[in-house]
There are 2 protein chains.
Amino acid sequence: MQESWIRNERLSSQVAFLVEIDKLKSVLRKTFIMDRSRLENTAEHSWHVSLLAVVLLEHANDPSLDLNRVICMLLLHDIVEIDAGDTFAYDTEGYLDKEERENAAARRLFGMLPDDQQGEWMELWREFEDGVTHESKYAAALDRLQPVIHNYYTGGVSWRNNGIVRSQVLKRLAPVKEVSETLWQFTNDILQRSIDQGILLDDPIAKEG
Amino acid sequence: MQESWIRNERLSSQVAFLVEIDKLKSVLRKTFIMDRSRLENTAEHSWHVSLLAVVLLEHANDPSLDLNRVICMLLLHDIVEIDAGDTFAYDTEGYLDKEERENAAARRLFGMLPDDQQGEWMELWREFEDGVTHESKYAAALDRLQPVIHNYYTGGVSWRNNGIVRSQVLKRLAPVKEVSETLWQFTNDILQRSIDQGILLDDPIAKEG
């Protein structure tokens, strides 16, 4: 979409991009919203997890991290799903070509922006994906914690639908351990409660032990 | 909801709040998402407008404004709609008690947070509502511009459904004029194009003039 009627050339590209990313509102995740009435979409998830980052910052082991960078990462990190789709966290097959699909998506979508912005957004997105900086680790931890909270408060519907067991969730939540002792304790507690309530399966091996 | 099983008292309040605000995903606005398949909800709107703030910052007359503060305001400013509902921008009757309804909502919802955070969030929310600072003016301008872009790209469906005319939109969009010459030019151009395409009504008086 080229919006040639927009007099400012940079604004023309930016508006085209901002219209295009509206499609994220139609990308459905595997988690349900809290009232269980429907699946959550990725745009509203991005809003929710950004607010988790703001509210829970004090629990980060390094609370001096750059919150603005964290939020920008969280707002944009899933935009690639417009082309690449949402890859379920426990879909090992889907993860085989996830990187390739998402790289192409990032090039097309962020490529709609003026060059300098495209560069900045690619950098932010790669920083999130690489997970090396404090900011990207904290962002990733919350991105993984949010669906666990959703699962707990929706009777584990997404876990049960997909036959997920505790060790899979713990492995997925590993970034939380690195960024916050308090949130890691919370993660372990919420999973134990989920098992006690029968909404998450324990591992077969752990049961035998 | 008191989550007494969460060992950290502050985290317990914060999680209860973060679960409660999930309800914003079920508050429907009058605008449609771009593919016209359904109404937009306020959570995904908050995500979208936050990204407008990031992408369009260079067009602000004062691009040195505190972007982090702007984004935090945009992420939280509509949370009050969980209790107060979405008041349509052109609903003069609804606006009569909007302030009262939203004040009560802010007290209840932000009141779920620990005291210091409650204070910060109330302050941010009031800053947005008061619209005096550069940050709140820029945030408000985008919050008002976003549905105009939506209306334009969805054939003016919300304008037409509600019999809205140009002068109403221009009045509503006045904050844009104050924060950005480029975005104000864009606003006027997009409204003129909407009228030319027959998706927005011009004012009867303007027609006679």
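Model, not experiment: these values are computed from the prediction.

Procedures and definitions
- Residues numbered from 1 in each chain as written.
- Chains lettered and ligands numbered in written order.
- Predicted model: local features only at pLDDT ≥ 70, side-chain atom pairs only at ≥ 80, totals over all residues.
- Heavy atoms only, no water.
- Helix = DSSP H or I, 4+ residues; strand = E, 2+ residues; numbered from the N terminus.
- Buried < 20%, exposed > 50% of the residue type's maximum accessible area, 1.4 Å probe, protein only.
- Contact = heavy atoms within 4.5 Å.
- Polar contact = N/O pair within 3.5 Å; in protein donor to acceptor, adjacent residues only side chain to side chain.
- Buried area = accessible area lost by both parts, 1.4 Å probe.
- Salt bridge = Lys/Arg side-chain N within 4 Å of Asp/Glu carboxyl O.
- Nonpolar A, V, L, I, M, F, W, Y, C, P; charged D, E, K, R; others polar.

**Some words on the environment of Arg-10 of chain A**
Within the fold, Arg-10 of chain A resides in helix 1 (residues 9–20). Look at Arg-10 of chain A and you get partly exposed, because its relative accessible area is 29%. Taking the C-alpha atoms as reference points, Arg-10 of chain A and Asp-130 of chain A, 120 residues apart in sequence, are found 29 Å from one another. Aside from chain neighbours lying at most four places away, what touches Arg-10 of chain A is Pro-114, Asp-116 and Gln-117 of chain A together with Glu-58 of chain B. A polar contact is formed between the side chain of Arg-10 of chain A and the side chain of Glu-58 of chain B, at a distance of 2.5 Å.

**A short note on the interface of chain A and chain B**
Between chain A and chain B, the residue contacts involve 58 residues of the former and 58 residues of the latter. Across the chain A/chain B interface, buried area totals approximately 4900 Å², and carbon plus sulfur atoms make up 68% of it. Contact with chain B buries surface across chain A, with Trp-5, Lys-25 and Trp-47 of chain A losing the most and accounting together for 17% of the total. At the boundary of chain A with chain B, the tally comes to six salt bridges. With a closest N to O distance of 2.5 Å, Glu-58 of chain A and Arg-10 of chain B form a salt bridge. For the side of chain A that touches chain B, the element with the highest residue contribution is helix 2 (residues 42–55) of chain A, accounting for ten residues. Here the side of chain A that touches chain B is built from residues that sort into 32 nonpolar, 14 polar and twelve charged.

**Here's the deal with the pattern of salt bridges**
Overall, the coordinates contain 32 salt bridges over all chains when judged by the stated rule. Put simply, Arg-29 of chain A and Glu-40 of chain A hold a salt bridge, and the shortest N to O gap is 3.0 Å. Highlighted residues: Arg-29 of chain A in strand 1 (residues 28–32) and Glu-40 of chain A in strand 2 (residues 39–41), separated in sequence by eleven residues. Neither Arg-29 of chain A nor Glu-40 of chain A differs from the other in exposure class; each is buried. In this structure, Arg-101 of chain B engages Asp-97 of chain B in a salt bridge whose closest nitrogen and oxygen atoms are separated by 3.1 Å. What emerges from the salt-bridge pattern is a single network uniting Glu-20, Lys-23, Asp-83 and Arg-108 of chain A.

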